[in-house]
Amino acid sequence: MELRGKVALVTGAGRRLGQAMARALAGRGMTVAIHYHASGEGATGLRDEIVGTGGQAALFEADLTDPHAARALPEQVVQRLGRLDVLVNSAAVMHRLRLEDTTPEQWNAIVDLNLRSVFFCAQGAAASLRAARGKMINLADLAGLEPWPGFAAHSISKAGVVMLTKVLALSLAPDVTVNAIAPGAVLVPEDYPEEERERLARSTPLRRLGDPSDVVSALLYLLEGGDFVTGQILVVDGGRFIR
């Protein structure tokens, strides 16, 4: 897919991986719909950065734990920007919560954002992506491919994203490709102790933690070169999953 001149919606684009991916797509000449909820300062800064360097970007605020808001967001982008070619579902939370520590409220908050919002945002984008013969990228996680009992609800929600990606790929074929990126230790939680970061790096076959640029490279491959790839989970983890 040629990205220049087309429109991408990136959810959770106010911080961390979402912000890095949105910045990269703007750098490829796309108009970027920057979604945010709690990260308004980061989203506004990114919009100003893109516009200040000659790019095009617009802000869209929505609480994606509300399924109606998630479903409505893509249509809002189309109404304002005229089309939608790429949807990147990256909005998510990651909380260290074991089985015995997780309350119903915490479960709902995690699953509603990490999984349910992806479903309904995809549902809301389906018609526009079909019309554009576009692409959808979901952010899964290594925790969706192997059990992480210390992050129980997160792990379960990301496993759901893995299966949802495959269901969407079949549901939207042949018009839309749908794939997922499953990062490993790329941007670990901000409260991770330094000794835990070092342990993760030592136990990774490539002997380092990942960088947002590693995920951006995977994203650009799937968008620009992966025209015959759909329903796949591209693991970006320095080799941890093969051990």
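Before reading further, recall that the structure is shown in the block above.
Residues numbered from 1 in each chain as written. Predicted model: local features only at pLDDT ≥ 70, side-chain atom pairs only at ≥ 80, totals over all residues. Heavy atoms only, no water.

K.L.:
It is not clear to me how unusual backbone geometry should be interpreted in this structure. Could you clarify?
P.N.:
With the exception of glycine, the majority of residues adopt a negative phi angle, and the majority of peptide bonds are in the trans configuration. With an omega of 5 degrees, the peptide bond running from Ala173 to Pro174 counts as cis. Along the polypeptide, Pro174 turns up in the loop between α5 (152-172) and β6 (177-183). The backbone of Arg16 shows a phi angle near 50 degrees, a positive value even though the residue is not glycine. Inspection of the secondary structure assignment puts Arg16 in helix α1 (residues 16-27). Classification of Arg16 by relative accessible area gives partly exposed; the value is 26%. Here Arg133, not a glycine, exhibits a phi torsion of approximately 50 degrees, which is positive. Within the element layout of this structure, Arg133 appears in the loop between α4 (104-132) and β5 (135-139). Judged by relative accessible area, which is 51%, Arg133 ranks as exposed. (Helix = DSSP H or I, 4+ residues; strand = E, 2+ residues; numbered from the N terminus. Buried < 20%, exposed > 50% of the residue type's maximum accessible area, 1.4 Å probe, protein only.)

K.L.:
How should the packing of α1 against helix α2 (residues 40-52) be read in this particular structure?
P.N.:
Between two packed helices, both the angle of their axes relative to each other and the distance between the axes serve to describe the pair. Running from N to C, α1 and α2 cross one another at 15 degrees; their axes reach a closest spacing of 11 Å. Taken together, the axes of α1 and α2 lie roughly parallel to each other. As for how α1 packs across α2, the hand of that crossing is right-handed. Two secondary-structure elements touch here, α1 through Gln19, Ala22, Arg23 and Ala26 and α2 through Gly42, Leu46, Glu49 and Ile50. (Axes fitted to C-alpha atoms, helices over the stretch in contact; angles between N-to-C directions. Parallel < 35°, antiparallel > 145°, perpendicular 65-115°, else oblique. Left-handed = near helix turned anticlockwise from the far one by under 90°. Contact = heavy atoms within 4.5 Å.)

K.L.:
It is not clear to me how the side chain of Asp85 should be interpreted in this structure. Could you clarify?
P.N.:
Looking at where Asp85 falls in the secondary structure, it is placed in the loop between α3 (67-81) and β4 (86-89). Residue classification places Asp85 among the buried residues on the basis of a relative accessible area of 0%. Among the polar contacts made by the side chain of Asp85, one reaches the side chain of Arg83 at a distance of 2.7 Å. Leave out the neighbours within four places in its chain, and Asp85 touches Met1, Lys6, Val7, Leu129, Ala132, Gly134 and Lys135. (Polar contact = N/O pair within 3.5 Å; in protein donor to acceptor, adjacent residues only side chain to side chain.)

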